[in-house]
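# Per-entry structural report
Here is how the chains run, residue by residue.
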Amino acid sequence: MNILFFLTPKSEVAYVREDDTLRQALEKMEHHGYAAVPLLSVDGKYIGTLTDGDVLWGLKRQGFPSLREMEEISVMEIRRRYDNRPVFASENMEGLLEKVTVQNFVPVVDDDKIFIGIVTRREVLHYLARQHQGSSVKKAVAR
């Protein structure tokens with residue numbers, strides 16, 4: 001199966017750009033209710049993953065700045081603990097499954113490492129559950 005079947009395209013994904021401020025990143029995460037978002041370069045390449053924990057520890061290191069002060073802090077000043085490992089759009093299912101078991105989402109990039117979207121663990125689990133249900137029904141009918 002092609003992993004693009006599971007892809008949520010970039011146009012439907014909340015992400016943060018390297019030229020965003022800490023306030024912009026925090027407000028985007030709050031608005032969408034996400035605990036982690038992809039971090040992209042200005043030219044659209046996947047850099048890493050910004051998490052709410054990264055932001056929290058960054059706020060502590062910055063002395064808990066006000067919202068106004070956060071407008072002067074680059075999101076790139078926030079230390080990231082862990083970056084979700086991306087897959088290429090041409091990756092096989094085994095490569096995707098290896099990553100989706102340890103990441104809530106897997107960033108997908110093209111051959112030039114341009115971010116094109118994400119595959120969520122939820123989508124893969126829903127697919128696998130539907131496949132399992134289908135095989136259970138087929139077995140029951142065959143009996």
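This text follows the structure it describes.
Being a predicted model, the structure only gives us computed values, none of them experimental.

A separate point is the pattern of salt bridges. Within this structure, the stated rule accounts for five salt bridges. Ionic pairing is found between Arg23 and Glu27, a salt bridge with its closest N-O pair at 2.7 Å. Of the two residues, Arg23 and Glu27 are both situated in helix α1 (residues 22-32); the distance of four residues between them amounts to about one turn of the helix. Its relative accessible area of 35% is what places Glu27 among the partly exposed residues.

With respect to burial, strand β4 (residues 46-51) is a largely interior element, five of its six residues being buried. Here strand β3 (residues 36-40) pairs with β4 via five bridges, running antiparallel. The residue of β4 that forms the bridge with Leu39 is Gly48. Linking β3 to β4, which pair antiparallel, is a turn of five residues; within it Gly44 sits at a positive phi near 90°.

On to the side chain of Thr49. In this fold, Thr49 is placed in strand β4. Here Asn84 takes part through its backbone nitrogen, which lies 2.9 Å from a polar atom of the side chain of Thr49. Among residues more than four places away in sequence, those in contact with Thr49 are Ala36, Val37, Leu39, Asp54, Arg80, Tyr82, Asp83, Asn84 and Phe105.

Right, let's get into the layout of surface pockets. Considered as a void within the structure, the largest pocket measures approximately 300 Å³ in volume. For the largest pocket, the lining is made up of 13 residues, of which Tyr34, Ala36, Phe105, Ile118 and Thr120 are closest to its centre. Elements with a minimum of two residues in the lining of the largest pocket: β3 and β7 (115-120). A per-element tally of the lining of the largest pocket places β3 first, with three residues. A per-class count over the lining of the largest pocket returns nine nonpolar, three polar and one charged. One number sums up the size of the second largest pocket: a volume of about 180 Å³. Considering the residues around the second largest pocket, the lining is formed by Ala36, Thr49, Thr51, Gly53, Asp54, Trp57, Arg81, Tyr82, Asn84, Gln103, Asn104 and Phe105. Where the lining of the second largest pocket is concerned, the elements lending two or more residues are β4 and α2 (52-61). Top element by residues in the lining of the second largest pocket is α2. It accounts for three residues. Here the residues of the lining of the second largest pocket sort into four nonpolar, six polar and two charged.

Another point: the nonpolar core. Ranked by internal contacts, the top residues of the largest apolar core, which has 13 residues, are Val16, Leu22, Leu50, Val55 and Val75. Every element with two or more residues in this core is listed here: α1, β3 and α2. Not counting residues within four places of it along the chain, the set of residues in contact with Val16 comprises Ala25, Lys28, Val37, Pro38, Leu39, Leu40, Leu50 and Val75. Val100, Val106, Val119 and Val124 belong to the second largest nonpolar core, which has eleven residues in total.

Rules of the game
- Residues numbered from 1 in each chain as written.
- Predicted model: local features only at pLDDT ≥ 70, side-chain atom pairs only at ≥ 80, totals over all residues.
- Heavy atoms only, no water.
- Salt bridge = Lys/Arg side-chain N within 4 Å of Asp/Glu carboxyl O.
- Helix = DSSP H or I, 4+ residues; strand = E, 2+ residues; numbered from the N terminus.
- Buried < 20%, exposed > 50% of the residue type's maximum accessible area, 1.4 Å probe, protein only.
- Pairing = 2+ DSSP bridges.
- Polar contact = N/O pair within 3.5 Å; in protein donor to acceptor, adjacent residues only side chain to side chain.
- Contact = heavy atoms within 4.5 Å.
- 1 Å grid on protein atoms, 1.4 Å probe; cavity = no way out; pocket = protein on both sides within 12 Å on 5 of 7 lines; lining within 4 Å.
- Points joined across faces, edges and corners; volume = space filled by probe spheres on them.
- Nonpolar A, V, L, I, M, F, W, Y, C, P; charged D, E, K, R; others polar.
- Core = buried A, V, L, I, M, F, W, Y, C linked by side-chain atoms within 4.5 Å.

By themselves these figures say nothing about function.
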